[in-house]
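Per-entry structural report
Below, each chain spelled out in residue letters.
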Amino acid sequence: EESFATMRSMYQAMKQADESYDPSLRSACGMAGGDGEKLERFRQQKNRLIGDFLTEVMEKSVKMAESNACMKRIVAAPTAGSCGIIPAVLLTYEKQKNAEEDRMVEALYTAAGIGTVIAASASISGAEGGCQAEIGSASAMAAGAVTHLEGGTAEEIVHAAALALKNMLGLTCDPVAGLVEVPCIKRNVSGAVNAVISSQMAMAGIRSAIHPDEVIDSMRRIGRLLPECLRETSQEGLAITPTAQRVEKDLREKARIQPAD
């Protein structure tokens, strides 16, 4: 009962973070904020290619990740950089499927179980394993959780997680100016949508050709093979593009002119 109450408090914190999203907020560097509202408006339009469920998943994942960048309270699931994926999938499911909160808390246990295996066998740290370890892990966790909610078997759950993780293998961690904003926020969208479609494939009877445990082992090996410059050091990838360098220069100049406390 105590454990369930703790897990419920985490789910309710996710709800509160989603409900308190402020579209007027901008991150300190100005790169994040307001895009969640754009997706909310887009969801009301008819000229879109995807249905209501995935559109709302996209919206909530951006809102949560932007809230993190704007220093609002979120739940690291499993990390702050990947905080939008699990809430986006589960909150959308609860709302659109009229699911009971107890079932959503149960799904968090499924997600946590998958995350624990990944953390023990590989990593959930971008600095250690690249973004595959953060966005990839969260996507796998969300895929397993929503498969549980859909009545999936244990086999379907682990294969949904494997399918999701396979799609994220090799993803580098190359944050612009060292901040959890670009490209991190939009990667939350990809991870959340990836979780849903991976779950649907598993529910359709598709299985990962590579055993789920071997997929996780592969992520660990790939993470070790990634050079340090692609593991959260902002020394390569998107972080050293001309645009990124201009952003970092502007931030450094802004920091120099700030009055001392």
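For the structure given in this document, a descriptive report is provided here. The model shown is predicted, which means the values in this text are computed figures rather than measured ones.

Calculation rules
Residues take numbers from 1 onward in each chain, read along the sequence in its written order. Totals for whole chains, interfaces and linings use every residue, but because this is a predicted model, local features are given only for residues with pLDDT of at least 70 and side-chain atom pairs only at 80 or more, for both listing and counting. With hydrogens and water stripped out, all remaining heavy atoms of the structure feed into the side-chain values. For helices, the axis comes from a line fit to the C-alpha atoms of the stretch in contact; other axes are also lines fit to C-alpha atoms, and the angle between any two N-to-C directions lies between 0 and 180 degrees. Labels follow the DSSP assignment, with helices taken as runs of H or I lasting at least four residues and strands as runs of E lasting at least two, numbered in each case from the N terminus. Note on terminology: angles under 35 degrees are roughly parallel, angles over 145 are roughly antiparallel, angles of 65 to 115 are roughly perpendicular, and the others are oblique. A clockwise turn of the near helix away from the far one marks a right-handed crossing, whereas an anticlockwise turn of less than a right angle marks a left-handed crossing. The contact criterion used is simple: two residues touch if any of their non-hydrogen atoms lie within 4.5 Å. Amino acids are sorted into nonpolar (Ala, Val, Leu, Ile, Met, Phe, Trp, Tyr, Cys and Pro), charged (Asp, Glu, Lys and Arg) and polar (every other residue, Gly among them). We call a residue buried when its accessible area falls under 20% of the maximum for its residue type, exposed when it is over 50%, and partly exposed in between, using a 1.4 Å probe and counting protein chains only. What counts as a salt bridge is simple: a side-chain nitrogen of Lys or Arg found within 4 Å of a carboxyl oxygen of Asp or Glu. Stacked, tilted and edge-to-face are the three classes applied to pairs of Phe, Tyr and Trp rings, where Trp contributes its six-membered ring and a pair requires centres within 6.5 Å; stacked means planes under 30 degrees apart, edge-to-face means over 60, and tilted covers the rest. Definition used in this section: a nonpolar core is a set of buried Ala, Val, Leu, Ile, Met, Phe, Trp, Tyr and Cys residues joined via side-chain atoms within 4.5 Å. Pairing of N or O atoms within 3.5 Å defines a polar contact, subject to two protein rules: one partner must be a possible hydrogen donor and the other a possible acceptor, and residues neighboring in sequence count only if both atoms are side-chain atoms. His is not counted here, nor are the chain ends, while Lys and Arg score as positive and Asp and Glu score as negative.

1. Observations regarding the packing of helix α5 (residues 101-121) against helix α10 (residues 212-225)
In the contact formed by α5 and α10, the axes pass within 9 Å of each other and the chain directions differ by 45 degrees. On the basis of the axis angle, α5 is oblique to α10. For the pair α5 and α10, the sense of crossing is right-handed. Across from Val-117, Ile-118 and Ser-121 in α5, the residues of α10 making contact are Ile-216, Asp-217, Met-219 and Arg-220. Tallied by class, the residues present in the contact of α5 with α10 amount to 4 nonpolar, 1 polar and 2 charged.

2. A look at unusual backbone geometry
Look at the link from Ala-77 to Pro-78: it is a cis peptide, with omega at 0 degrees. As for its placement among the helices and strands, Pro-78 is situated in the loop between α3 (52-69) and α4 (85-97). A cis geometry characterises the amide bond from Val-182 onward to Pro-183, with omega recorded as 5 degrees. With respect to the helices and strands, the residue Pro-183 is situated in the loop between α8 (154-166) and α9 (184-203). At Met-71, a residue that is not glycine, the phi angle is positive and equals roughly 65 degrees. Tracing the backbone through its elements, the reader meets Met-71 in the loop between α3 and α4. Met-71 gets classed as exposed once you look at its relative accessible area, which sits at 74%.

3. Here's the deal with the pattern of salt bridges
Considering all chains together, one arrives at 20 salt bridges under this definition. A salt bridge links Lys-60 to Glu-56, with the shortest nitrogen-to-oxygen separation between them at 3.6 Å. Of this pair, Lys-60 and Glu-56 both sit in helix α3, 4 residues apart, which is roughly one turn of the helix. Of the two residues, Lys-60 and Glu-56, both sit in the buried class. Each of the salt bridges in this network shares a partner with another, and the network as a whole consists of Asp-18, Glu-40, Arg-43, Glu-56, Glu-59, Lys-60, Lys-63 and Lys-95.

4. Section: the packing of aromatic side chains
According to the stated counting rule, one finds 2 aromatic pairs in the structure shown. Taking 6.5 Å as the distance between ring centres and 85 degrees as the angle between the ring planes, the aromatic pair formed by Phe-53 and Tyr-93 counts as edge-to-face. Of this pair, Phe-53 sits in helix α3 while Tyr-93 sits in helix α4, and the two are 40 residues apart along the sequence. A residue is classified by how much of its surface remains accessible, and Phe-53, at 18% relative accessible area, is buried.

5. Here we look at the nonpolar core
The biggest cluster of nonpolar side chains holds 64 residues, and the ones touching the most others in it are Tyr-11, Ile-86, Val-89 and Leu-90. Within the residue set of this core, elements represented by two or more residues are α1 (2-19), α3, α4, α5, α7 (135-149), α8, α9 and α10. The element contributing the most residues to this core is α7, with 9 residues. Ile-86 has contacts with Met-14, Ala-77, Leu-108, Ala-111, Ala-138, Met-141 and Ala-142, leaving out every residue within four places of it along the chain.

6. Some points on the environment of Lys-186
By the secondary structure assignment, Lys-186 is in helix α9. Sequence separation between Lys-186 and Glu-66 is 120 residues, and the spatial gap between their C-alpha atoms is 9.5 Å.

7. Quick word on the side chain of Glu-101
Mapped onto the secondary structure, Glu-101 falls in helix α5. On the basis of relative accessible area, Glu-101 is assigned to the buried category, the value being 17%. Within the local environment of Glu-101, its side chain forms a polar contact with the side chain of Arg-8, the two groups lying 2.8 Å apart. Filtering out sequence-adjacent residues up to four positions away, Glu-101 remains in contact with Arg-8, Tyr-11, Gln-12, Lys-15 and Glu-94.

8. Comments concerning the side chain of Glu-181
Within the element layout of this structure, Glu-181 appears in the loop between α8 and α9. One buried charged side chain, Glu-181, makes no salt bridge at all; its nearest oppositely charged neighbour is Lys-186, positioned 8.8 Å away. In contact with Glu-181, other than residues within four places in its own chain, are Ser-27, Cys-29, Met-31, Ala-32 and Ala-69.

By themselves, these observations are geometric and do not establish any function.
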